[in-house]
Amino acid sequence: MSSPQSVLDNRPVSVAHLFLSRAEATPDGEAYRYPVGDSASGTEQWRSLTWAQAAERVSVIAAGLLALGLRREERVAIASSTRVEWILADLGVMCAGAAATAVYPSTNAEETVYILADSDSRVIFVEDAVQLAKVVSHAEGLPQLGHAILFDPVTDVPQVEGLEVLSLAELEKRGAAYAEEHPRAVERAVQGIEREHLATLIYTSGTTGRPKGVRLVHDCWSYQGVAQEVSGLLRPDDVQFLWLPLSHVFGKALISGQIRTGHVMAVDGRVDRIVTNLPAVRPTVMASAPRIFEKVYNGIAGRARAEGGAKYKIFLWAAKVARAYARTVQESMAATGRRRVPLPLVVQHAVADKLVYGKIRAAFGGNLRGSVSGSAALAPDIGYFFSGAGVHVLEGYGLTETSAACTVNPADDYRVGTVGRPLPGTDVRIAQDGEVLLKGPGVMRGYHNLPEKTAEVLESDGWFRTGDIGEVDKDGFLRITDRKKDVFKTSGGKYVAPTEIEGRFKAVCPFVSNILVIGNGRNYCTALITLDETVIMPWAHTHGLADRSYTAVVTSPEVHELIDGFVQRVNGDLQRWQTIKRFSVLPRDLDVEHGELTPSLKIKRPVVEREYAEVVEAMYEGSREA
């Protein structure tokens, strides 16, 4: 049997090669599941594509792009939510030897046009009329863009000089005709791909300034696929539920691993269907962002609180047992390599499992062996809760600039509060100032058209400066403590890591949606807090606020008093200079549409602080040294 290093060293040139090999090896195996029909009327069903069927569609899409005159490494944009057509289009781009430009469907028209122009995209796949309108309304600024290809049908397609609009079916028809005339065109295009050819441009959503195009070559994705397999993260018999944005590097990397292992991928990017889809798909593995686990936890805690009485007491007891059990298991594994749990705790855990945990696992489909969490830190108390309940949340770490995963927790020995060990082939180093440095095949080749920005983060010997502060323990597990640029110093000279405080608050307050701790150059820390509407409104109905709107509820004295209780709980475990002296509950939640969150749901701190500057200043009025 080949060693992991041998497998990595002999990885395929590209995912295009991986994909064609997979289709040849298991043509009749199920590749993708996807929903069709109308969920509102109850006619929605899941359909499947075998690997052979997927390869047939990918080949005609690739041939269609070649028929449009696309050349090697020229860019093809994809502006769509997560759906099976996104995957087929992306693979078609790869198999044509071109490069994909990923565009979030939530990106506004101005920024979409900037990305298309900066990337010099010649063709764009668009999901629907909304995405097409962004292109059409600014077509004069995109002279290089010659074709737009629609996933969904659009009536009254606008006529724009120089821009041909096609349906996906029409492109595939052209591709079939082109393949008849040039039967080996796609095969030759794949054979011509080299490891260092550009495969993807993903623009960092960024918390400040214009997005930067990250240049990821074919070898980045091939490495991701093989590394996920040899690490044991993905297995051939898995059923994976994919809802993450494919415009984000995390979602895209999972496709590489799925193709390498050949397991089933159920694809549906509708966030409002996650709860419904989980029991239907019954996945064994799923990737997610921490916000989903926070919302699930808040929902469970909120429902238990609303039921009150014995049920709420049982939940609180079960949550305490889950955390104690998970901590004990983790500590014993770290110390001895074995699970050693005292008998009384084993008994309590078994009882709690029958009363509470089994229902939680059932909500995730009942078969989940692991859920990878990335893009932001998960509050440890929430991680311990799910671990103790048998929902194994495996935190990982990566950036757009590293083609997603660099480290991940192993399923059989994961450490809550860490982001795991490096994937095979990736090296981690901690700089003198605490910054995490990464090196490996997944690291980008630079920022598109930005050599100066590239030089700021990418050393000549291949080490990438992440901008994150972290530490590696004796067992090789990486812990991220904060963003280098987010750590601030109070006017009293004390350093504060805001994400640590924010994580603690999320762990104790079941009503929180977002929290931003402020205090750079100030004499004490404050916080802007938003609340989860689905959890706070049921509380309001049982506390005399049933006739009020969400805004009226969250800005009420009653809710301020409620949240203050949680703030004081967190403050009790903090150093004096870390404590939140004042806070404001905002009248609405932060969102992508207002530019306060990135598409991957990270807070744009400068944007939020600027938008709510008056609120912030009011929290410091009449302040004195604290």
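In every chain, residue numbers begin from 1 and rise along the written sequence. A pLDDT threshold of at least 70 governs which residues receive local features in this predicted model, and a stricter bar of 80 or more applies before side-chain atom pairs are shown or counted, although totals over entire chains, interfaces and linings include all residues. Remark: hydrogens and water are excluded; side-chain values derive from all non-hydrogen atoms of the structure.

What follows is about the overall build of the chain. Note on conventions: DSSP H or I runs of at least 4 residues are helices, E runs of at least 2 residues are strands, and numbering of each starts at the N terminus. Each helix and strand in the chain was counted, giving 22 helices and 25 strands. Compactness check: the chain gives a C-alpha radius of gyration of 25 Å against a globular reference of 25 Å for 626 residues, within 12% of the reference. Its C-alpha atoms put the chain at 75 × 60 × 55 Å along the principal axes. Buried residues are those whose accessible area, probed at 1.4 Å on protein chains only, stays under 20% of the maximum for their type, while exposed residues exceed 50% and partly exposed ones sit between those limits. For the chain, the proportion of its 626 residues judged to be buried stands at 55%. The contact rule is simple, with two residues in contact once any of their heavy atoms fall within 4.5 Å. Sequence separation of 24 or more characterises 66% of the internal contacts of the chain that already satisfy a separation of 6 or more. Using the Shrake-Rupley algorithm and a 1.4 Å probe, accessible areas are obtained, with residue cover drawn only from the displayed protein chains. Roughly 26400 Å² of accessible area belongs to the chain as shown, and the carbon and sulfur atoms make up 51% of that amount. Neither His nor the chain ends contribute to the count of charged residues, in which Lys and Arg are positive and Asp and Glu negative. Where a charge lies is defined by one atom per residue type: Lys uses NZ, Arg uses CZ, Asp uses CG and Glu uses CD. Side chains of the chain give 69 positive and 76 negative charges; the mean places of these two sets differ by 7 Å. Within these notes, the globule rule equals 2.2 Å times the number of residues to the 0.38 power, and the radius of gyration is based on C-alpha atoms.

To continue, consider the environment of Glu 294. Assignment of secondary structure puts Glu 294 in helix H12 (residues 290-307). Placed 138 residues apart in sequence, Glu 294 and Gln 432 show a C-alpha to C-alpha distance of 34 Å. Each residue touching Glu 294, except ones within four places of it in the same chain, is listed here: Ala 377, Ile 382 and Lys 506.

Let's shift gears to the environment of Glu 395. Relative to the helices and strands, Glu 395 is located in strand S14 (residues 393-399). Residue classification places Glu 395 among the buried positions, given a relative accessible area of 7%. In this structure, the C-alpha to C-alpha distance between Glu 395 and Ser 373, residues 22 residues apart in sequence, is 4.7 Å. When neighbours within four sequence positions are excluded, Glu 395 is seen to be in contact with Ser 373, Ala 376, Ala 377, Leu 378, Val 408, Asn 409, Gly 417, Thr 418, Val 419 and Gly 420. For Glu 395, the side chain forms a polar contact with the main-chain nitrogen of Leu 378, separated by 3.1 Å. Whenever a nitrogen or oxygen atom comes within 3.5 Å of another N or O atom, the pair is scored as a polar contact, on the condition that within protein one atom can donate a hydrogen and the other can accept it, and that pairs from neighbouring residues in sequence are kept only if both atoms are in side chains.

Moving on, we come to unusual backbone geometry. Within the chain, Glu 73 stands out as a residue other than glycine whose phi angle is a positive 70°. Residue placement: Glu 73 occurs in the loop between helix H3 (51-67) and strand S3 (75-79). Backbone geometry places Ser 403, a non-glycine residue, at a positive phi of 50°. Within the element layout of this structure, Ser 403 appears in the loop between S14 and strand S15 (404-408).

Another aspect to go through is the packing of aromatic side chains. The criterion for an aromatic pair is that two Phe, Tyr or Trp rings (for Trp, the six-membered ring) have centres within 6.5 Å, with stacked assigned to planes under 30 degrees apart, edge-to-face to planes over 60 apart and tilted to the rest. All chains considered together, the criterion is met by 13 aromatic pairs. One aromatic cluster in this structure is built from Phe 293, Tyr 297, Phe 315, Phe 364, Phe 385 and Phe 386. Here the guanidinium or amino end of Arg 210 rests over the ring plane of Tyr 114, the centre of that ring lying 4.3 Å away. Looking at Lys 212, its charged tip hangs above the ring of Tyr 447, at a distance of 5.2 Å from the centre. When the NZ atom of lysine or the CZ atom of arginine is within 6 Å of a ring's centre and also within 35 degrees of its normal, the charge is said to sit over that ring.

Any Lys or Arg side-chain nitrogen found within 4 Å of a carboxyl oxygen on Asp or Glu counts as a salt bridge. With the rule as written, the count across this model stands at 35 salt bridges. With a closest N to O distance of 2.6 Å, Arg 33 and Glu 30 form a salt bridge. We classify Arg 33 as partly exposed; its relative accessible area is 22%. With a closest N to O distance of 3.1 Å, Glu 127 and Arg 83 form a salt bridge. With Glu 127 in the loop between strand S5 (121-126) and helix H6 (129-136) and Arg 83 in the loop between S3 and helix H4 (84-95), the pair connects residues that are 44 residues apart, well separated along the chain. According to the relative accessible area criterion, Glu 127 is buried, its value standing at 11%. The class for Arg 83 is buried, based on a relative accessible area of 15%. Overlapping salt bridges, with partners in common, bring together Glu 44, Asp 268, Arg 270 and Arg 273 in one network.

A separate point is the packing of helix H9 (residues 218-230) against helix H10 (residues 249-261). Contact geometry of H9 with H10 gives a least axis separation of 8 Å together with a crossing angle of 65°. In this structure, the crossing between H9 and H10 has a hand that is right-handed. Here Trp 221, Gln 224, Gly 225, Val 226, Gln 228 and Glu 229 of H9 lie close against H10, whose contacting residues are Val 249, Lys 252, Ala 253, Leu 254, Ser 256, Gly 257, Arg 260 and Thr 261. For helices, the axis comes from a line fit to the C-alpha atoms of the stretch in contact; other axes are also lines fit to C-alpha atoms, and the angle between any two N-to-C directions lies between 0 and 180 degrees. For any helix crossing, the convention is left-handed if the near helix is rotated counterclockwise from the far helix by under a right angle, and right-handed if that rotation is clockwise.

Attention now moves to a nonpolar patch on the surface. A cluster of nonpolar side chains, namely Ile 314, Trp 317, Leu 343, Val 346, Val 347, Val 351 and Leu 355, defines an oily patch on the protein surface of about 570 Å² accessible area. Considering each element in turn, the nonpolar patch owes the most residues, five residues, to helix H14 (residues 343-363). You can see Trp 317 is positioned in helix H13 (residues 309-336). Each patch is built from residues lacking any salt bridge and having more than 30% relative accessible area; the joining distance is 9 Å for like charges and 5 Å for nonpolar side chains (Val, Leu, Ile, Met, Phe, Trp, Tyr).

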